[in-house]
Amino acid sequence: KANYFSKFSNAPVICKLVGRKVLDGVGQPTLEVEIYCTVKNYEKRICSTVMSFHSQIPENALPETAEADEKERNDSVSTAVEWVNESLNTMLRDLKPTDQRKVDKMLGDYFTKKVEGKKKNQEQEEEGEAILALTSCTPAATAQPGEKKAAKTGKKVAVAEKTIPPAEPVELVLCGSLAIGGTSLAIAKAGATISRIPLYLHIALLKRDQDSPKEMTLPLPMVTLLNCEKSSPAKLKLVKEVMLIPPTQLSLKQGIERVLDIQKEMMRLLEPPGKVPRALKRMSHLGCLVTGCDNLEQLLLLMQTACNNIGLELGKDMFLAINCAAHELMDYVKGKYEILTGMFKSPDEMVDMYVELINKFPFIIALIDPLRKEVR
């Protein structure tokens, strides 16, 4: 009888958000957001989610760089925890966790105000620095009106055939912004829990205005197998990562099992004979094998050998993607990409090389960042 009357109770609403600093899979601090709702007049913990940080500290980073990155990460996570426990906790209280659009609109507005506040502070700081620079300027350091620097005679200036645009500026990330995505995801998860449906279906229903989709599709899995150490003594610089893509006819479970079989065989091939296995020392923070090669063909033939040894054929039973990360290869003095140690190619030569590579190895079905982004 009590259960009969429970269906007339008010819909659950958010009563509390809890943010805390936790450690991720590699021991680095990140954000956890916990959602509490009022359900049948009782406060109840619904769910929590851990948000992955937007960047990782490179394994080969200099000590001072790693220290600065670590401090920035700690500050960002601490600020995110503060946002969740204070501003967002107050702002989202009494909202339904199933009202994702309203929640995300409020989170977006909050973030926009934070960005505008940051820009305003930066402009004030820059204005103050400019005034300080003007007042400290000495007359001797300023050029007199009409005074021109004498041109050097007898030398011709070489004109470059094509100017390579400068590198894109580093994208700035607002300190604490982790709280926005973390809170949005936690509330989506809470909405799915309360609706008693899987999270993927909850999101699909939000996207389709509550119309149930006729069929569901999974993204194509792409698993990083090798990290190729661009800074290693090995000559090859063109490849940052090699990724495996299982064929579409396999289920997700079958595809991952096949990837693991290839990984085990690669570990066996990379271990010197007669030595104690030390594969764990050759793992990156992503959990993939770390190696170095002297040329691209050597790497691709190694992949073919691993697959052949376990009865698989590249191009049929498994496909490859190559993450080139070309922006890390650009030599701005030469205006060319350093694909091997001491070997440089122009952008046009890079395109020709990729065409030849894919024609020779058709099992490569994706190139990630094959050229740097151009600043327009």
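As the structure is a computational prediction, the values presented were derived from the model and not from experiment.

**A look at the pairing of strand β3 (residues 42-51)**
In step 1: Bridge analysis of strand β2 (residues 29-39) against β3 gives nine bridges, and the strand direction is antiparallel. Looking at β3, one finds that Val-33 is bridged to Thr-49.

**A look at a nonpolar patch on the surface**
In step 1: Where nonpolar side chains cluster on the molecular surface, the patch consists of Leu-218, Leu-252, Ile-256 and Leu-260 and spans about 380 Å² of accessible area.
In step 2: Of note, Ile-256 is situated in helix α6 (residues 252-270).
In step 3: Take Ile-256: its relative accessible area is 34%, and that puts it in the partly exposed class.

**Structural notes on the sheet that holds strand β6 (residues 289-290)**
Sheet strands pair via backbone hydrogen bonds, and the direction of the pair is either parallel or antiparallel.
In step 1: Spatially, the five strands line up as an open sheet ordered β6-β4-β5-β7-β11, and their pairing is mixed. The sheet is open, and its two edges are formed by β6 and β11 (364-368), each paired on a single side.
In step 2: The pairing of strand β5 (residues 241-245) with strand β7 (residues 319-323) spans five bridges and is classified as antiparallel. Across the sheet, the residue bridging to Val-242 is Ile-322, located in β7.
In step 3: Sitting on the sheet, α6 touches β4 (223-227), β5 and β6, and the angle it makes with β4 is about 10°.

**Regarding the pattern of salt bridges**
In step 1: This model, assessed by the stated rule, comprises ten salt bridges.
In step 2: Put simply, Arg-73 and Asp-24 hold a salt bridge, and the shortest N to O gap is 3.0 Å. Within this pair, whereas Arg-73 is found in helix α2 (residues 63-91), its partner Asp-24 is found in the loop between β1 (13-23) and β2, the two being separated by 49 residues in sequence.
In step 3: Residue Arg-73 is classed as buried on the basis of its relative accessible area of 2%.
In step 4: For Arg-45, the salt bridge goes to Glu-34, with nearest N and O atoms at 2.4 Å.

Rules used in this analysis
- Residues numbered from 1 in each chain as written.
- Predicted model: local features only at pLDDT ≥ 70, side-chain atom pairs only at ≥ 80, totals over all residues.
- Heavy atoms only, no water.
- Pairing = 2+ DSSP bridges.
- Helix = DSSP H or I, 4+ residues; strand = E, 2+ residues; numbered from the N terminus.
- Patch = residues over 30% accessible without salt bridge, like charges linked within 9 Å, V, L, I, M, F, W, Y side chains within 5 Å.
- Areas by Shrake-Rupley, 256 points an atom, 1.4 Å probe, with all protein chains shown as cover.
- Salt bridge = Lys/Arg side-chain N within 4 Å of Asp/Glu carboxyl O.
- Buried < 20%, exposed > 50% of the residue type's maximum accessible area, 1.4 Å probe, protein only.
- Contact = heavy atoms within 4.5 Å.
- Axes fitted to C-alpha atoms, helices over the stretch in contact; angles between N-to-C directions.

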